Amino acid sequence: MIRTILCALALTFSASVALACTGHSKQTQSCADGTYWDSETQTCAKIVNS
């Protein structure tokens, strides 16, 4: 019984911590190797060599 309660508390706590992150500013992140930032689509796009 105590194990079930501890698991429930852990899941509740982890969900509330994740919700606390909303409303923060955006962070810069690089695109993966072989891709570039396409500002028109706002996504990383694959580099095509011709």
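Going by the structure above, here's the rest.
In this report, the structure presented in the accompanying data block is examined. No experiment lies behind these values; they were computed from the predicted model shown.

## Some remarks on the overall build of the protein chain
No. 1: The helix and strand tally for the protein chain stands at 1 helix and 2 strands.
No. 2: Helices (α) and strands (β) of the protein chain occur, in sequence order from the N terminus, as α-β-β.
No. 3: Here the protein chain has roughly 5100 Å² of accessible surface; of this, 60% comes from carbon and sulfur atoms.

## Points about the pairing of strand β1 (residues 35–38)
No. 1: Summarising the sheet, β1 and strand β2 (residues 43–46) pair through 4 bridges and their orientation is antiparallel. Among the inter-strand pairings, Asp 38 is bridged to a residue of β2, identified as Thr 43.
No. 2: Count of turn residues in the β1/β2 antiparallel hairpin: 4 residues, of which Gln 42 carries a positive phi of about 60°.

## Overview of the side chain of Asp 38
No. 1: Mapped onto the fold, Asp 38 is located in strand β1.
No. 2: A distance of 3.1 Å separates a polar atom in the side chain of Asp 38 from the backbone nitrogen of Glu 40.

## A short note on the state of the cysteines
No. 1: For the coordinates displayed, the defined rule picks out 1 disulfide.
No. 2: Between the sulfur of Cys 31 and that of Cys 44 lies a disulfide, 2.1 Å long from S to S. Taking the torsion about the sulfur-sulfur bond, which here is approximately -85°, the covalent link between Cys 31 and Cys 44 counts as left-handed. Pair noted here: Cys 31 is in the loop between α1 (2–19) and β1 and Cys 44 is in strand β2, with a separation of 13 residues, a long-range link.

Calculation notes
- Residues numbered from 1 in each chain as written.
- Predicted model: local features only at pLDDT ≥ 70, side-chain atom pairs only at ≥ 80, totals over all residues.
- Heavy atoms only, no water.
- Helix = DSSP H or I, 4+ residues; strand = E, 2+ residues; numbered from the N terminus.
- Areas by Shrake-Rupley, 256 points an atom, 1.4 Å probe, with all protein chains shown as cover.
- Pairing = 2+ DSSP bridges.
- Polar contact = N/O pair within 3.5 Å; in protein donor to acceptor, adjacent residues only side chain to side chain.
- Disulfide = S-S within 2.5 Å.

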